[in-house]
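Structural overview for review
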Amino acid sequence: METHDVTVFKPYPFRIGQKINIEDGPRKGDWEVVAVTDRKIKLHCPFSHREFEWDRFCYMVDERTGVQWPGKE
């Protein structure tokens, strides 16, 4: 089977109390994780003290070379 370069994404395992910095995009900036469910994450802004709840989002985790694609189910 042919191999390809594949970028792997998966949900980041956020933890309550975690301090994070999002480098780019509409959520750019410093945040504290205040709640996490299977589907949602609630972040607290340390400057405005506002809180926002969003659908969980993913991050690029790894780039791999020579991977079978598509993978097995």
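Structure first, text after, so check above.
A few words now on the nonpolar core. Listed in full, the ten residues of the largest apolar core are Phe14, Ile20, Ile22, Trp31, Val33, Ile41, Leu43, Cys45, Trp54 and Phe57. Where this core is concerned, the elements lending two or more residues are strand S2 (19-22), strand S3 (29-36) and strand S4 (40-44). Residues within four places of Cys45 in sequence aside, it is in contact with Asp30, Trp31 and Arg50.

Locating Ser48 in the fold gives a position in the loop between S4 and strand S5 (51-55). Owing to a relative accessible area of 42%, Ser48 belongs among the partly exposed residues under this scheme. Ser48 sits 16 residues away from Glu32 along the chain, and the two C-alpha atoms are 12 Å apart.

The strand order across the open sheet built from four strands is S2-S3-S4-S5, with neighbouring strands paired in antiparallel fashion. Because the sheet does not close on itself, it has two edges, and the strands there are S2 and S5. Taking each pair of neighbouring strands and ignoring which way they run, the sheet shows an average axis angle of 40°.

Calculation rules
- Residues numbered from 1 in each chain as written.
- Predicted model: local features only at pLDDT ≥ 70, side-chain atom pairs only at ≥ 80, totals over all residues.
- Heavy atoms only, no water.
- Core = buried A, V, L, I, M, F, W, Y, C linked by side-chain atoms within 4.5 Å.
- Buried < 20%, exposed > 50% of the residue type's maximum accessible area, 1.4 Å probe, protein only.
- Helix = DSSP H or I, 4+ residues; strand = E, 2+ residues; numbered from the N terminus.
- Contact = heavy atoms within 4.5 Å.
- Pairing = 2+ DSSP bridges.
- Axes fitted to C-alpha atoms, helices over the stretch in contact; angles between N-to-C directions.

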